[in-house]
Amino acid sequence: MMKRRLTVQKLKILEYLRSVKTHPTAEIIYGAVKKQVPTITLATVYRNLNLLANKGEILRLEMGNEFHFDADIGRHQHCVCRKCGKIHDVFQKEISKYAMEKINYDGFNPTNVQVIFYGYCKNKNM
Ligand SMILES: [Zn+2]
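Treat the numbers as computed from the prediction; the structure is a model and nothing was measured. (Residues numbered from 1 in each chain as written. Predicted model: local features only at pLDDT ≥ 70, side-chain atom pairs only at ≥ 80, totals over all residues. Heavy atoms only, no water.)

Here we look at the coordination of the zinc ion
1) Next: Distances from the zinc ion to its protein donors, namely His-23 (NE2), Asp-70 (OD), His-76 (NE2), His-78 (NE2) and Asp-89 (OD), fall within the range 1.9 to 2.3 Å.
2) Next: One chain supplies every donor for the zinc ion, spaced along it as H-x46-D-x5-H-x1-H-x10-D. Within this pair, whereas His-76 is found in the loop between strand 2 (66-70) and strand 3 (77-81), its partner Asp-89 is found in strand 4 (residues 87-90), the two being separated by 13 residues in sequence.
3) Next: Residue classification places His-76 among the buried residues on the basis of a relative accessible area of 5%. (Donors = N, O, S within 2.8 Å, 3.2 Å for Na, K, Ca; no water. Helix = DSSP H or I, 4+ residues; strand = E, 2+ residues; numbered from the N terminus. Buried < 20%, exposed > 50% of the residue type's maximum accessible area, 1.4 Å probe, protein only.)

Focus on the domain arrangement of the protein
1) Next: According to the domain assignment, the protein contains domain 1 (2-70) and domain 2 (77-119).
2) Next: Between domain 1 and domain 2, the C-alpha centre-to-centre distance is 23 Å.
3) Next: The interface of domain 1 with domain 2 comprises nine residues on the first partner and eight residues on the second.
4) Next: Overall, the association of domain 1 and domain 2 removes approximately 690 Å² of surface from exposure, summing both partners, and the carbon and sulfur fraction of that is 61%.
5) Next: Interface area lost by domain 1 to domain 2 is led by His-23, Leu-61 and Met-63, which between them contribute 60%.
6) Next: At the junction of domain 1 and domain 2, the tally comes to zero salt bridges.
7) Next: Applying the counting rule to domain 1 against domain 2 returns five residue pairs in polar contact (both at pLDDT 80 or more). (Domains from an automatic or database assignment. Contact = heavy atoms within 4.5 Å. Buried area = accessible area lost by both parts, 1.4 Å probe. Salt bridge = Lys/Arg side-chain N within 4 Å of Asp/Glu carboxyl O. Polar contact = N/O pair within 3.5 Å; in protein donor to acceptor, adjacent residues only side chain to side chain.)

Overview of the packing of aromatic side chains
1) Next: This structure, assessed with the given rule, holds zero aromatic pairs.
2) Next: Positioned over the ring face of Phe-67 is Arg-60, at 5.9 Å from the centre of the ring. (Phe/Tyr/Trp six-rings, centres within 6.5 Å; stacked < 30°, edge-to-face > 60°. Lys NZ or Arg CZ within 6 Å of the ring centre and 35° of its normal.)

Brief notes about the environment of Cys-121
1) Next: Structurally, Cys-121 can be placed in the segment after strand 5 (116-119).
2) Next: When the C-alpha atoms of Cys-121 and Cys-84 are compared, they prove to be 8.0 Å apart, with 37 residues separating the residues in sequence.
3) Next: When residues no more than four places from it in sequence are discounted, the contact partners of Cys-121 are Cys-81, Cys-84 and His-88.

Okay, structure coming up:
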């Protein structure tokens, strides 16, 4: 029973995350999923997000001192605007490919790379 409930919660979290492109934080995901699963707690959301991220089913992006989550695990990069705070998806495969091919550190064997560009987006009046 406990296990089944957790599975439903995990599915709802995934479902929500897959429906957005906004790279939400755990708090935002919690707010959205709570509408469908009123009994869910923020701790459960955190636990499931970390579980999913550790299994590679979602991306966990560390930005400043908060984590953002992304259901798109295909190789892509992110641009973060320092002014409006928006996280934009960038699809330039060659950037990640280059980084993966060129890294050379003490026998380190990379399995993935996250590229985050920080700067300013074109919406100057935000
Ligand atoms: Zn993304």
